[in-house]
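The residues making up each chain are set out below.
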Amino acid sequence: RSSRSHCVLSLSVRTAPVTKSGQAPGLRAPGVLHIVDLAGSERTKISQAEGQQLKEANCINRSLSALADVLFALGDVGNAT
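Cut-off values and rules
Residues numbered from 1 in each chain as written. Predicted model: local features only at pLDDT ≥ 70, side-chain atom pairs only at ≥ 80, totals over all residues. Heavy atoms only, no water. Helix = DSSP H or I, 4+ residues; strand = E, 2+ residues; numbered from the N terminus. Buried < 20%, exposed > 50% of the residue type's maximum accessible area, 1.4 Å probe, protein only. Contact = heavy atoms within 4.5 Å. Areas by Shrake-Rupley, 256 points an atom, 1.4 Å probe, with all protein chains shown as cover. pLDDT = per-residue confidence, 0-100. Patch = residues over 30% accessible without salt bridge, like charges linked within 9 Å, V, L, I, M, F, W, Y side chains within 5 Å. Salt bridge = Lys/Arg side-chain N within 4 Å of Asp/Glu carboxyl O. Expected span 1.5 Å × (residues − 1).

Enquirer: Got a minute to help me understand the overall build of the protein chain in this structure?
Expert: Per the secondary structure count, the protein chain includes 2 helices and 2 strands. Across the 81 residues of the protein chain, 9% fall into the buried class. Put simply, 52% of the contacts in the protein chain that link residues at least 6 apart link residues at least 24 apart. With an accessible surface of roughly 6,800 Å², the protein chain has 55% of that area assigned to carbon and sulfur atoms.

In structure tokens, the structure reads:
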């Protein structure tokens, strides 16, 4: 089990102006904030990891690569099909 982890927090915010009567006229301004905390990648040649530590390092690197794919996809919303 690894002590390293990644975290992605996506916060979706919608605002609506309120009139003096306290009612929202239906206009909305949506926004999304993505906060990402990544565990560092392992450079196995430098760390000279072996055995279980090498397996863990490879898993960390694969998960970082997968997470990078997700983040690029999130940032490419304008080109979604």
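Don't stop here, the text continues.
Enquirer: Would you mind showing me how to read the confidence of the model for the protein chain here?
Expert: Low pLDDT means the predicted atomic positions in that stretch should not be read closely. Residue-level pLDDT values for the protein chain average 76, and 73% of them are 70 or greater. Here helix α1 (residues 44–47) is the element of the protein chain with the lowest mean pLDDT, 76, and strand β1 (residues 7–15) is the one with the highest, 85.

Enquirer: For this particular structure, what's the right way to read a nonpolar patch on the surface?
Expert: On the surface, Leu-9, Leu-11, Val-13, Leu-33 and Ile-35 cluster together into a nonpolar patch covering about 430 Å² of accessible area. Going through the elements one at a time, β1 and β2 (29–37) are the ones with two or more residues in the nonpolar patch. Note that Leu-33 resides in strand β2. Leu-33 sits in the partly exposed class, given a relative accessible area of 45%.

Enquirer: I keep staring at helix α2 (residues 51–75) and nothing clicks. Help me out?
Expert: The α-helix winds at 3.6 residues per turn, so residues separated by three or four positions along the chain end up facing the same way. Taking 1.5 Å per residue as the helical rise, α2 with its 25 residues ought to reach 36 Å, and the 37 Å between its terminal C-alpha atoms agrees with that figure. Listed as buried for α2 are Ala-57, Ile-60, Leu-64 and Leu-67. In this structure, the buried residues of α2 make contact with β1 and α1.

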